[in-house]
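Here are the chains, one letter per residue:
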Amino acid sequence: GEAFTKTVDIPKNKVQALWCGIDVPATAKPGVYKGTATISSKNAAPAVIALIVTIRYQLMDDAGISEPWKQTRLKWLNSTLAQENAVIAPYTALQAQDTTISLLGRKVLLSKEGFPAQIQTFFTEEMTGYSDQPNNLLAEPLHFHFTGTDGKNLEWKNSGIRFTKQTPGTVQWAALNSNDQLQMDVSATLEFDGALAYTVKVTALQDVNFKDIVMHIPVNPDAAKYLMGLGQKGGYRPDSLGWKWEVATKNQDGAWIGNVNAGLQFSLRDEKYVRPLNTNFYLQKPLLLPASWGNAGKGGVTIALKGKSVLVNNYSGDRKMKKGDVLFYNFNMLITPFHPINTDFQWATRFYHKYDNLDTIKANGATVANIHHATPINPWINYPFIEYKKMKAYIDSAHQRGLKVKIYNTVRELSDHAYELFALRSLGHEIFSTGKGGGFSWLQEHVGDDYIAAWFVPEIKDAAIVNSGMSRWHNDYVEGMNWLTQNVGIDGIYLDDVAFDRVTMKRIKRVLTADGHPGIIDLHSANQYNKNDGFNNSANLYMEHFPYLNRLWFGEYFDYQHNGPDFFLTEVSGIPFGLMGEMLEGGGNPWRGMIYGMTNRYPWDEHADPRPIWKFWDSFGMQGTKMIGYWSRNCPVKTDNEQVKATVYMKEGAAMISIASWATDDVNVKLQFDWKALGIDPAKATIEAKDIPNFQPARSFRMDE
């Protein structure tokens, strides 16, 4: 939303297209307008070009937006729609009092240096509500150590923090810390969703040598049960971890550490951070090594129990600073969970992941249709504006049947059918990434070279090229989503991995939910823990988007058979972040999935049909039940085998018990009941397994069986 200038150098004997848009006032009188445009360059005489603009009598209602071939949407590149950081439901306005900032389910207490002295969450272990008692994340305040070559740490003088901005959506503060050798300017922003961003500017006031510069995050052991990131799959935190920067091959700059109801993601950056490409394209545009934290390969992270804390030691190694040198030890944090899980939404909202007859969709028990690209109403990838009339007719019919419709639309790549393709191409690499070209013949013939060929659908000859990452095309994306919501009636979007930042996600959520629209967003990801994706964890990579999602679908290449419940909980279920999910690869594991309230998605896998479980949910009456997972100490049903987990779904007078095994062999288990917590009289209780096709046979059990 800020104006900028751009220098365009045109090589000799080459042609550079210059695209000009004229925003004709609605008050303009019809007629022929004549004028000139003057093109100037440094090494040639100005060229004067005659312009003739004919204004017709017909006034368009929407400035041609509904006719995309007119390319009037190009002005959307500079849109600031939904940019203001207004609070988005279910979040609440930030409250700052003294040095404590309160937000939905969480609090941040600040030290005089400007860093978190304590971070608290107030979520129950079940993750279905709030607690009066805080869960303290930190064992002691977060702090830096600047260690001289003599082994002594520099002491700081500071005057405390001062708030520089206080709005319902954003609170900002600053703190100045100094001594005779360094000045450390700290500025930070906390947003209503729990995103905490720090800029730490370190200036040398004289020549100084350091043995090390580190940031310590001393985590309370109770809030450090699990770890995900820095080369570690999601799961139980190892006793110790050592990690070094390797940006050329690893898309890793931080990790998530936490428990189900209290956690913290941190990422280490400097002032030159640029969002890398992802989903098979990371190696073509990787992270930039931060000059501060990376320190030419000397930096890294260790995590281990030290004293009364699990110490996250972010070190950068020895270095010299000349007088006047400046380093930025920036870092971002996300305080998890973001909100409680919405179990009723999980039971009631069932995605039908295929373009199909609407009566068929409804007859199968689904409530929301997900419409991919390469379908009759959404043929061109990430450009759903050509067949929008067909899309609107389909959505109107769906709404008449009580169904909702979400569409595939994102910004990782753009179809060659986009009318704006060549206008965007003329902007150099602002919109499209540099690359070796290739791909579908049309791209090679018309786009030429210097691009990355992406998704291609042979049946309809839809070819896409990769976007550059963050650009003004995100402004166009926000405007386009707003137009689709208001004019076509979409009920949300299905995201297949994400190539935009959390600011864009917030803007998207605002326009999707405006004027009472449901704005449902579900995110699918293929497992990012592989060579091409830089060995990142999908949940770690996309956590900044989690506050605005309604469901996860993680996903392709996830191994549901050979990973333990700690992996399911952290990388797949979404529960430690306030979300719930579904399974994909191989149909998932229906027994283990139900421990987390998950099924697979219909009709994606013909061998894994969730409809019998959906039907049983309805017969039991899942709406309004209280989910108490095995991870909660309050779970009223346990098994006598640690490798067999039980989750309870309670309602008055009845409980559904979901059991799944991670044992290597078949095992017999006994259930241990807390009848008082269940609210059931054991003398009158019966234990039955209902018949669920392809899941379990009907059977009754004795109390001691």
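Each remark here, short or long, concerns the structure printed above.
The notes below deal with the structure included here. As the structure is a computational prediction, the values presented were derived from the model and not from experiment.

Reading the values: rules and limits
- Residues numbered from 1 in each chain as written.
- Predicted model: local features only at pLDDT ≥ 70, side-chain atom pairs only at ≥ 80, totals over all residues.
- Heavy atoms only, no water.
- Helix = DSSP H or I, 4+ residues; strand = E, 2+ residues; numbered from the N terminus.
- Contact = heavy atoms within 4.5 Å.
- Buried < 20%, exposed > 50% of the residue type's maximum accessible area, 1.4 Å probe, protein only.
- Pairing = 2+ DSSP bridges.
- 1 Å grid on protein atoms, 1.4 Å probe; cavity = no way out; pocket = protein on both sides within 12 Å on 5 of 7 lines; lining within 4 Å.
- Points joined across faces, edges and corners; volume = space filled by probe spheres on them.
- Axes fitted to C-alpha atoms, helices over the stretch in contact; angles between N-to-C directions.
- Parallel < 35°, antiparallel > 145°, perpendicular 65-115°, else oblique.
- Left-handed = near helix turned anticlockwise from the far one by under 90°.
- Nonpolar A, V, L, I, M, F, W, Y, C, P; charged D, E, K, R; others polar.

Moving on, we get to the environment of isoleucine 371. Position of isoleucine 371 relative to the elements: it lies in strand S25 (residues 368-371). For the pair formed by isoleucine 371 and threonine 570, sequence separation is 199 residues and the distance between their alpha carbons is 28 Å. In contact with isoleucine 371, other than residues within four places in its own chain, are Lys354, Tyr355, Ile377, Asn378, Tyr394, Val405, Lys406, Ile407 and Tyr408.

On to the pairing of strand S18 (residues 262-269), then. In terms of residue burial, S18 counts as a mostly covered element, since eight of its eight residues are buried. By the alternation rule, side chains of S18 split into Ala262, Leu264, Phe266 and Leu268 and Gly263, Gln265, Ser267 and Arg269, which are all buried. As defined by bridge partners, strand S17 (residues 254-259) adjoins S18 across six bridges and the pair is classed as antiparallel. Its bridge partner lying in S18, asparagine 259 is registered against alanine 262. Remark: two residues form the turn of the hairpin made by S17 and S18, two consecutive strands paired antiparallel. The sheet contact formed by S18 and strand S23 (residues 330-336) spans seven bridges and is antiparallel. Residue pairing for S23: phenylalanine 266 is matched across the bridge by methionine 333.

Moving on to empty space enclosed by the protein. It is a probe the size of a water molecule, rolled over the atoms, that shows where empty space is left. A full pass over the atoms with the stated rule returns three cavities of 30 Å³ or more. Asn382, Tyr383, Phe385, Asn409, Thr410, Val411, Trp473, Asp476, Tyr477, Gly480 and Met481 together form the lining of the largest cavity.

Contact geometry for helix H3 (residues 388-400) and helix H6 (residues 473-488): axes closest at 10 Å, N-to-C directions at 50 degrees. In terms of axis orientation, H3 runs oblique to H6. Where H3 crosses over H6, the handedness of that crossing is right-handed. Along the contact surface, H3 presents Tyr388, Met391, Lys392 and Ile395, while H6 presents Trp483, Asn487 and Val488. Among the residues forming the contact of H3 with H6, the class breakdown is five nonpolar, one polar and one charged.

Further remarks concern the sheet that holds strand S32 (residues 551-554). Spatially, S24-S25-S26-S30-S31-S32-S33 is the arrangement adopted by the seven strands of the open sheet, whose pairing is parallel. Unpaired on one side and paired on the other, strand S24 (351-352) and strand S33 (581-582) mark the two borders of the sheet. As paired strands, strand S31 (residues 520-525) and S32 are joined by four bridges and run parallel to one another. Paired with histidine 524 across the strands is tryptophan 553, a residue of S32. This element, H3, spans S25 and strand S26 (404-408) of the sheet and lies at about 150 degrees to S26.

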